[in-house]
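Remarks on the overall topology
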Amino acid sequence: MTAPTAHTRATLITGAAILGGERRDLAIVDGALVDPTTIDRDSADVVDASGLIALPGLVDLHTHLRQPGGEQAETVATGVRAAAAGGYTCVFAMANTNPVADTRAVVEQVHRLGQEAGLATVRPIGAVTVGLAGERLADMTMLARSAARVTVFSDDGKCVADAELMRRALEHAASLGAVVAQHAQDPDLTRGAVMHEGPLSAELGLAGWPSVAESSIVARDAMLAELTGARLHVCHVSTAGTVEVVRAAKARGIAITAEVTPHHLLLTEQLVRGYDARFKVNPPLRTDADVQALREALADGTIDIVATDHAPHAPEAKQTAFADAAFGMVGLETALGAVQEAMVETGLLDWAGVARVMSTAPAAIGQEAGYDAPLEIGSPAHVVLVDPAARTTIDTGSLRGRSANSPFLGIELPGSVRHVWRGGRRTVADAVVVEAVVEAAVGAAVGAAVGAAPLEGQVRA
Ligand SMILES: NC(=O)N[C@@H](CC(=O)O)C(=O)O
């Protein structure tokens, strides 16, 4: 038995607009939010938050951390640094590592590396199929019961295309109380596809990716979720057609949730005109009409959450012909600014809505405890202070991860993450990541190589 330890020094945050609404103080003692009137101001660390908005710590249900096997692009340590800088206190790490997260050893390694890095909680996602090969189910029970406590299964990057296998995966997940997060892409409809299919793909001479390749899989999976009674989550919805399918499935009472990425809320296929591979992503950037439908769906709850699909790539994977380059964009540091631009400044969501789609709801889908009563007394102190009036031009210095394949380089986004606490521990102070391993030289070199481009395809309010 150890003797009870003394309370840690209290932190008092004064004058923040809580979730953008009323102004009141927040107090942190021993990792939890407490009643600020019980704090002795003279002995507390006081943070003046006037002009700032307090949000709960953000939760990303879809992050590629690349470790093991892709450490030249990102590691768990560099990825959680990017996460902290973006206001995230918890990230779910996708299973498409090398080796794949289909064994206890890999999910427990990723979980342990997250604990060591400390800047954000890392929750490993387990593979649905062995090696993401889409042939036989991974040992989902073992992954769920491991120390990593897997609650989300996904082959993201690959679709579980075989309907029978998807049915069994859903049944299995239901028995474990877990969710299957599907990368909805019919492989037969997208052979060789590198951008959205339409007049522009024809004009540019690039192989097109029809919208129906996504919506048809979501329709099938929704029916399978209804059959099995399982929970289905749809990764990175990118088309107006998929929004209609999700809306209809929800109206039928099917247990379906869906995510949208910040880049699909703000950017269109027009960016591909320059053949710059920074704008190559899976699913591809779509049309203006799709962007509008995605924004409306996020506002009305058809789409439940924003997830980054942070997909770091080393420069050589992107510095090649558009058709040959890797799919993916980094997104952890720019997600909140992109959502402010696409949703808040357009009047579609208020800050309480941002807290719901970027913290409370993703935590609920992934079963991460401690986010269900955001910023309320007694909750764990996961707190983000944002300056909504700031404007930041994104450059490689804005990116704290190892890779710089951001579509926003050279672009100004609103808002700035000023301070972050995770479980009461400061992870960002005055926009600087606390206790970060400094590898700025690596980030700068990568960014300079990737370069910046004007953003004609950005949808404005
Ligand atoms: N979203 C992406 O464009 N890329 C992802 C996986 C994927 O292809 O979905 C990646 O892991 O790089």
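Every value quoted in this text rests on a predicted model; they were computed, and no experiment measured them.

1. What about the domain arrangement of the protein?
For the protein, the assigned domains are domain 1 (11–53 + 379–388 + 408–450) and domain 2 (57–366). Facing the 25 residues of domain 1 at the interface are 27 residues of domain 2. Of all elements in the fold, only β17 (383–393), β18 (412–422), β19 (425–429) and α13 (440–450) reach the threshold of two or more residues within the side of domain 1 that touches domain 2. Top element by residues in the side of domain 1 that touches domain 2 is β18. It accounts for six residues.

2. Considering the environment of Arg-136
Summarising the element assignment, Arg-136 is placed in the loop between β9 (121–124) and α3 (140–145). Of the residues examined, Arg-136 has 11 C-beta atoms within 10 Å and is grouped as exposed. Linking Arg-136 and Leu-33, residues 103 residues apart in sequence, is a C-alpha distance of 45 Å. What Arg-136 contacts, discounting residues up to four positions off in sequence, is Thr-129 and Val-130.

3. So, the sheet that holds β19
An order of β2-β6-β17-β18-β19-β20 is seen for the six strands of this open sheet, with the pairing classed as mixed. The open sheet has two edge strands, β2 (17–18) and β20 (432–433), and neither has a second partner. By the bridge criterion, eight bridges tie β17 to β18 in an arrangement that is antiparallel. For Asp-387, the partnering residue across the bridge sits in β18 and is Ser-416.

4. What to know about the nonpolar core
Side chains of nonpolar character tend, in soluble globular proteins, to be buried together. One finds Ala-54 and Phe-153 to be the most contacted residues of the largest nonpolar core, which totals 145 residues. Both domain 1 (11–53 + 379–388 + 408–450) and domain 2 (57–366) contribute no fewer than three residues apiece to this core. Ignoring sequence-local partners within four residues, the contact set of Ala-54 consists of Ile-13, Ala-16, Ala-17, Ile-18, Leu-19, Leu-26, Ala-49, Leu-375, Val-383 and Leu-385.

5. A closer look at the site of the ligand
Contacts to the ligand come from His-64, Asn-96, Asp-156, Gly-157, His-183, Val-281, Asn-282, Asp-309, Ala-311, Phe-327 and Gly-328. Within the shell around the ligand, the residues separate by chemical class into three nonpolar, six polar and two charged.

6. Let's talk about the UniProt feature "binding site: Zn(2+) 2" (unreviewed entry) in the protein
The sites that UniProt annotates as "binding site: Zn(2+) 2" (unreviewed entry) are Asp-156, His-183 and His-236. Over a stretch of 81 residues, the named residues converge on one spot in the fold, their C-alpha atoms separated by at most 9.9 Å. Structurally, Asp-156 can be placed in the loop between β10 (152–153) and α4 (163–176). Non-local contacts of Asp-156, meaning those with residues more than four positions away in its chain, are made with Met-94, Ala-95, Asn-96, Ala-181, His-183 and Cys-235. Position of His-236 relative to the elements: it lies in the loop between β14 (231–234) and α7 (240–251). On the basis of neighbour count, His-236 is assigned to the buried category, with 24 C-beta atoms found within 10 Å. Ignoring any residue separated from it by four or fewer positions in sequence, one finds His-236 in contact with Glu-259, Val-260, Thr-261, His-264, Pro-283 and Asp-309.

Cut-offs used in this document
- Residues numbered from 1 in each chain as written.
- Predicted model: local features only at pLDDT ≥ 70, side-chain atom pairs only at ≥ 80, totals over all residues.
- Domains from an automatic or database assignment.
- Contact = placed C-beta atoms within 7 Å.
- Helix = DSSP H or I, 4+ residues; strand = E, 2+ residues; numbered from the N terminus.
- Buried ≥ 20, exposed ≤ 12 C-beta atoms within 10 Å, placed from the backbone.
- Pairing = 2+ DSSP bridges.
- Core = buried A, V, L, I, M, F, W, Y, C linked by C-beta atoms within 7 Å.
- Near = placed C-beta within 6 Å.
- Nonpolar A, V, L, I, M, F, W, Y, C, P; charged D, E, K, R; others polar.
- UniProt positions renumbered as here; feature names shortened; annotations may be inferred.

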